[in-house]
Amino acid sequence: MYDMPPEIDVRADGALRIVTLNRPDALNAVNDALHTGLARLWPRLSEDPEVRAVVLTGAGKAFSAGGDFSYLEELGRDTVLREKTIAHGRDIVLGMARCRVPVVTAVNGPAVGLGCSLVSLSDIVYLAESAYLADPHVQVGLVAADGGPLTWPLHTSLLLAKEYALTGARIPAERAREMGLANHVVTDPMAEALACAKRIAEMPRQAVEATKRVLNMQLEKAVLTSLDYALTAEYQSFQTDDFHTTITRLTAGKK
């Protein structure tokens, strides 16, 4: 559906669209196809007149384990791919911020890197009890251009946003809820997210969509303040010795 790659499964359920990150054998780690698909996804959802709400989740044990190390290594070597990916990162962030319909996210397992970003850009978030959030961009030598630092200061205190962005430490589910990075910690996040999305889909359409837009104007304004600087800085960080040393170490046993 929507001409998505196999790495993104989109299924219609009446007025809902259920979007599943679909690389379960790789813990839904982000590769080029998944990243490109996510950049195209949000405008297509907004343009579909039948859609009233979206449920976003991951297949298998994880929501998303972050960037695939082989993909990150390639980004460090391939200038053309890196330019495309940076542009798509902007599309993903603004696409979610501007998405016409509410996005209810069921975090079924670890949400790391871009997975954590997708959670932070969602409208309502249900976390599994065993899930956690983490943004390890800095740990691997990258600027968190499309990550938590863009949106966390809207959800939680600036001090807490700095702590977790600069250290890359895991944020357990209950801690994330306490900080304001999620709405609920539940046993079955998918069931809860579906029930919530269905309730929203039954609400008056114009009122739902305009109210979301009112709220997300604040999000979009905050994101646009720093997004272009962040993306430029991330592009540069792919060329640093720190990144190349780290990604060589991380991929050493995978070849």
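A. Quick look at the packing of aromatic side chains. Overall, the coordinates contain one aromatic pair when judged by the stated rule. Plain terms: the ring middles of Phe238 and Phe243 are 5.1 Å apart, the flat faces sit at 75° to each other, and that makes the pair edge-to-face. This pair shows no difference in class: Phe238 is buried, exactly as Phe243 is. Geometry around Tyr235 places Arg82 over its ring, the cationic atom sitting 4.6 Å from the centre.

B. Geometry of the sheet that holds strand E5 (residues 111–112). An order of E5-E7-E8 is seen for the three strands of this open sheet, with the pairing classed as mixed. Among the strands making up the open sheet, the edge pair consists of E5 and strand E8 (171–172). Two strands pair when backbone bridges link them, and strand E7 (residues 132–134) and E8 are joined in this way by two bridges, in the antiparallel orientation. Within E8, the residue paired with Tyr132 across the bridge is Pro172.

C. Quick peek at the nonpolar core. Counting 66 residues, the largest nonpolar core has Leu38, Leu41, Trp42, Leu118 and Leu133 as its most contacted members. Ranked by residue count, the leading element in this core is helix H3 (residues 79–98), at seven residues. When near neighbours in sequence (up to four residues on either side) are disregarded, Leu41 contacts Tyr2, Met4, Val10 and Val19.

D. Summary view of the environment of Thr36. Relative to the helices and strands, Thr36 is located in helix H1 (residues 32–47). Put simply, Thr36 and His88 are 52 residues apart on the chain and 6.5 Å apart in space, counted from C-alpha to C-alpha. Contacts of Thr36, omitting those with residues within four sequence positions, involve Lys84 and His88.

E. Just the pairing of strand E3 (residues 53–58), in detail. The element E3 is largely enclosed, with a buried count of six among its six residues. Neither face of E3 is exposed, since Ala53, Val55 and Thr57 on one face and Val54, Leu56 and Gly58 on the opposite face are all buried. Of the strand pairs in this sheet, strand E2 (residues 16–21) and E3 are connected by six bridges, and their pairing is parallel. Residue pairing across strands places Val19 opposite Leu56, the latter belonging to E3. The parallel pair E2 and E3, bridged by H1, forms a crossover whose chirality is right-handed. Pairing between E3 and strand E4 (residues 103–107): three bridges, direction parallel. When the bridges of E4 are listed, Val55 appears paired with Val104.

F. Inspection of the pairing of strand E1 (residues 8–13) at higher detail. Strand direction decides the pairing type here: E1 and E2, joined by six bridges, are antiparallel. Among the inter-strand pairings, Asp9 is bridged to a residue of E2, identified as Thr20. Hairpin remark: E1 followed by E2, antiparallel, with two residues in the connecting loop; positive phi at Gly14, about 60°.

G. Layout of the packing of H1 against H3. Across the interface, H1 lies against H3 with an axial gap of 9 Å and an inter-helix angle of 35°. As H1 packs across H3, the resulting crossing turns out to be left-handed. Contacts between H1 and H3 involve Asp32, His35, Thr36, Leu38, Ala39, Trp42 and Ser46 from the former and Leu81, Lys84, Thr85, His88, Gly89, Asp91, Ile92, Gly95, Met96 and Arg98 from the latter. Partitioning the contact of H1 with H3 into residue classes produces six nonpolar, seven polar and four charged.

H. Representation of the state of the cysteines within the structure. What the rule picks out here adds up to zero disulfides. Here Cys196 stays unpaired: no disulfide links it, and the sulfur of Cys99, its closest cysteine neighbor, is 15 Å away. Cys196 gets classed as buried once you look at its relative accessible area, which sits at 6%.

I. Spotlight on H1. Given a rise of 1.5 Å per residue, 16 residues ought to cover 22 Å, and the 24 Å separating the end C-alpha atoms of H1 matches this to within 8%. Of all bends in H1, the biggest is about 30°, found at Leu41, and the proline Pro43 comes one to four residues later. Within H1, the full set of buried residues consists of Leu34, His35, Thr36, Gly37, Leu38, Ala39, Leu41, Trp42 and Leu45.

J. The environment of Val55, seen in detail. Structurally, the position occupied by Val55 is in strand E3. A relative accessible area of 0% means that Val55 is categorised as buried. The contacts of Val55, once residues within four sequence positions are left out, are Arg17, Ile18, Val19, Val104, Met190, Ala193, Leu194 and Ala197.

Analysis parameters
Residues numbered from 1 in each chain as written. Predicted model: local features only at pLDDT ≥ 70, side-chain atom pairs only at ≥ 80, totals over all residues. Heavy atoms only, no water. Phe/Tyr/Trp six-rings, centres within 6.5 Å; stacked < 30°, edge-to-face > 60°. Buried < 20%, exposed > 50% of the residue type's maximum accessible area, 1.4 Å probe, protein only. Lys NZ or Arg CZ within 6 Å of the ring centre and 35° of its normal. Pairing = 2+ DSSP bridges. Helix = DSSP H or I, 4+ residues; strand = E, 2+ residues; numbered from the N terminus. Core = buried A, V, L, I, M, F, W, Y, C linked by side-chain atoms within 4.5 Å. Contact = heavy atoms within 4.5 Å. Right-handed = clockwise from strand over helix to strand, strands pointing away. Axes fitted to C-alpha atoms, helices over the stretch in contact; angles between N-to-C directions. Left-handed = near helix turned anticlockwise from the far one by under 90°. Nonpolar A, V, L, I, M, F, W, Y, C, P; charged D, E, K, R; others polar. Disulfide = S-S within 2.5 Å. Expected span 1.5 Å × (residues − 1). Bend = angle between axes of the 7 residues up to and from the residue.

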